[in-house]
Amino acid sequence: MNYLAANSLVMSFLFVGLVMAAAELFSKHVVHERIHSSAIAIAIGLAMAYVGGRLSGGSSGIADIGVFTGVGVLGGSMFRDFTIVSASFGADLGEFKKCGKAGVTALFAGVILSFLVGMIIALAFGYSDPEDITVIAAGTVSFITGPVTASSLGVASEVVAISIAAGVVKSISIMIATPIAAKHIGLSTPKAAIVYGAMMGSTSGISAGLAATDERLVPYGAMMATFYMGLGCLLCPTVLYWITCALLSTVF
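Draft legend 1. Highlighting helix α8 (residues 130–141). When the terminal C-alpha atoms of α8 are compared, their 16 Å separation across twelve residues agrees well with the 16 Å that a helix rising 1.5 Å per residue should span. With eleven of twelve residues buried, α8 lies mostly within the body of the structure. Residues Pro-130, Asp-132, Ile-133, Thr-134, Val-135, Ile-136, Ala-137, Ala-138, Gly-139, Thr-140 and Val-141 constitute the buried set of α8. For α8, the N-terminal cap is Asp-129; the gap from its side-chain oxygen to the backbone nitrogen of Glu-131 is 3.1 Å.

As structure tokens, this is what we get:
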């Protein structure tokens, strides 16, 4: 056991591989690929994180258990950024140029609409502090934008966890809904994937959803979802926060 703990990063690759294999088998033989294996793998990971946290009494989920400490590194920002960049390889830049104003408009519209939905949800649950509302709304933009906004505004409370949860729910929802809705919304070309990625904005959700729809569309949607995340990290703690403060001062 000590040997496994000393090589926890290697163990984490094995562990994640087994989870993904199990998710692939479940998707193929139980739900007949109606739900993509990535969504199932994330659900398994969340469940294991909860169980690991309960067993260890720590705050890092299953990474608090000695053998699985490498999961914390594997799921950290370095590997996250690497996978985001690697997902964009294979994209034809000419397709992005063709999209032009539509792609840029979709980026801003996607961030603002997601933020607005988050504001409404926060207000509905009784939050009135502009910083708290902004952090929760930023979480609906993406589960990365929420914590970034919280750090920028100096917020350190339960709303950060709520913002992350909102982003994770959005990501899983996109994974499941994308292959179901693809035919109905004409999601079959690179241009459509660019606009879709710009509007929805969850890199993990878009990548998994498009992989279940048409793997050739993944780089286009993933690239725009990455731009979406960056735009959200810029707008949420600045312009959208100022607008939130102004609206709340008017209403209250």
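Picking up where we left off.
Draft legend 2. Spatial organisation of the layout of surface pockets. Roughly 170 Å³ of volume is contained in the second largest pocket. Taken together, Glu-24, Ser-27, Glu-33, Ile-35, His-36, Ser-37, Pro-179, Ala-211, Ala-212 and Glu-215 make up the lining of the second largest pocket. Every element with two or more residues in the lining of the second largest pocket is listed here: α2 (8–29) and α12 (203–213). Of the residues in the lining of the second largest pocket, the class split is four nonpolar, three polar and three charged.

Draft legend 3. A look at the packing of helix α9 (residues 145–153) against helix α10 (residues 158–185). Put simply, α9 and α10 touch, their axes get as near as 8 Å, and they point 155 degrees apart. In terms of their interaxial angle, α9 and α10 are classed as roughly antiparallel. The chirality of how α9 crosses α10 is right-handed. Counted together, Gly-146, Pro-147 and Ala-150 of α9 and Val-160, Ser-163 and Ile-164 of α10 form the full contact between these two elements. Looking at the contact of α9 with α10 residue by residue, the classes come out as four nonpolar, two polar and no charged.

Draft legend 4. Broad picture of the nonpolar core. Among the nonpolar cores identified, the biggest contains 39 residues, and Val-111, Phe-115, Val-155 and Leu-210 are the most heavily contacted of them. With seven residues, helix α13 (residues 218–235) is the largest single contributor of residues to this core. One finds Phe-15, Ala-23, Val-31 and Val-71 within the second-largest nonpolar core, a separate group that totals eight residues.

What counts and how
- Residues numbered from 1 in each chain as written.
- Predicted model: local features only at pLDDT ≥ 70, side-chain atom pairs only at ≥ 80, totals over all residues.
- Heavy atoms only, no water.
- Helix = DSSP H or I, 4+ residues; strand = E, 2+ residues; numbered from the N terminus.
- Expected span 1.5 Å × (residues − 1).
- Buried < 20%, exposed > 50% of the residue type's maximum accessible area, 1.4 Å probe, protein only.
- Polar contact = N/O pair within 3.5 Å; in protein donor to acceptor, adjacent residues only side chain to side chain.
- 1 Å grid on protein atoms, 1.4 Å probe; cavity = no way out; pocket = protein on both sides within 12 Å on 5 of 7 lines; lining within 4 Å.
- Points joined across faces, edges and corners; volume = space filled by probe spheres on them.
- Nonpolar A, V, L, I, M, F, W, Y, C, P; charged D, E, K, R; others polar.
- Axes fitted to C-alpha atoms, helices over the stretch in contact; angles between N-to-C directions.
- Parallel < 35°, antiparallel > 145°, perpendicular 65-115°, else oblique.
- Left-handed = near helix turned anticlockwise from the far one by under 90°.
- Contact = heavy atoms within 4.5 Å.
- Core = buried A, V, L, I, M, F, W, Y, C linked by side-chain atoms within 4.5 Å.

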